[in-house]
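Survey of secondary and tertiary structure
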Amino acid sequence: MQEETEIRLCEPAPFIYFENGQIAVTDGSTVWLVIVTCEAMRATAPPPEKSLRRLVRYAEFYRDLAAASIRRGEDVDGKVWVRESDVIAARQSHGVPGRNIHILDRV
């Protein structure tokens with residue numbers, strides 16, 4: 001069985017570009033740009049907010065969602081999208097609908 005490669009955050013630092021947040025992740029040989037939609041940021045935790053502060057605070061959560069997409073082969077031209085539906089599905093799969101996503105940090 002092939003061991004999964006760890007996906008980690010890398011440079012450049014998270015930033016907001018137009019409406020979406022962007023973070024970079026790598027497996028050590030490839031770098032992907034993770035685009036976190038403004039709707040995804042707002043759905044992450046109450047109150048709904050799109051900000052650099054939120055993007056940075058939940059960067060590891062978004063990294064994990066992006067890593068799952070990369071492993072499923074859903075990256076396109078070096079980009080991975082994290083959408084509102086991804087955030088909602090992650091919240092529901094952890095049994096915390098409607099609650100703060102930071103609870104997932106302890107799961």
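Below is a summary of the structure that appears in this document. Everything quoted here is computed from the prediction, not taken from an experiment.

Attention now goes to the pairing of strand β1 (residues 8–17). Across 6 bridges, β1 lies against strand β2 (residues 20–26) in antiparallel orientation. Bridged to Ile16 within β2 is Gly21. The hairpin formed by β1 and β2 contains 2 residues between the paired strands, and Phe18 there has a positive phi angle of roughly 55°.

So, on to the side chain of Asn20. By the secondary structure assignment, Asn20 is in strand β2. Using a relative accessible area of 18% as the deciding quantity, one classes Asn20 as buried. Of note is the side chain of Asn20, whose polar atom sits 3.2 Å from the backbone nitrogen of Cys38. The residues touching Asn20, leaving out its near neighbours within four places in the chain, are Phe15, Ile35, Val36, Thr37, Cys38, Met41 and Trp81.

Let's shift gears to the side chain of Ser69. Position of Ser69 relative to the elements: it lies in helix α3 (residues 59–71). With near-sequence residues (within four places) excluded, Ser69 lies in contact with Glu74, Asp75 and Val80.

To continue, consider the sheet that holds β1. Strand order in the open sheet formed by 4 strands is β1-β2-β3-β4, with mixed pairing between adjacent strands. Either end of the sheet is taken by a strand with one partner, and the two such strands are β1 and β4 (79–82). Strand-to-strand twist in this sheet, taken as the mean axis angle between neighbours without regard to direction, amounts to 20°. Strands in contact with α3 are β1, β2, β3 (31–36) and β4; relative to β4, the strand with the most contacts, it is inclined by about 120°.

Together, Ile16, Leu52 and Val56 make up an exposed nonpolar region whose accessible area comes to about 220 Å². Residue placement: Val56 occurs in helix α2 (residues 52–57).

What counts, and at which threshold
Residues numbered from 1 in each chain as written. Predicted model: local features only at pLDDT ≥ 70, side-chain atom pairs only at ≥ 80, totals over all residues. Heavy atoms only, no water. Pairing = 2+ DSSP bridges. Helix = DSSP H or I, 4+ residues; strand = E, 2+ residues; numbered from the N terminus. Buried < 20%, exposed > 50% of the residue type's maximum accessible area, 1.4 Å probe, protein only. Polar contact = N/O pair within 3.5 Å; in protein donor to acceptor, adjacent residues only side chain to side chain. Contact = heavy atoms within 4.5 Å. Axes fitted to C-alpha atoms, helices over the stretch in contact; angles between N-to-C directions. Patch = residues over 30% accessible without salt bridge, like charges linked within 9 Å, V, L, I, M, F, W, Y side chains within 5 Å. Areas by Shrake-Rupley, 256 points an atom, 1.4 Å probe, with all protein chains shown as cover. Salt bridge = Lys/Arg side-chain N within 4 Å of Asp/Glu carboxyl O.

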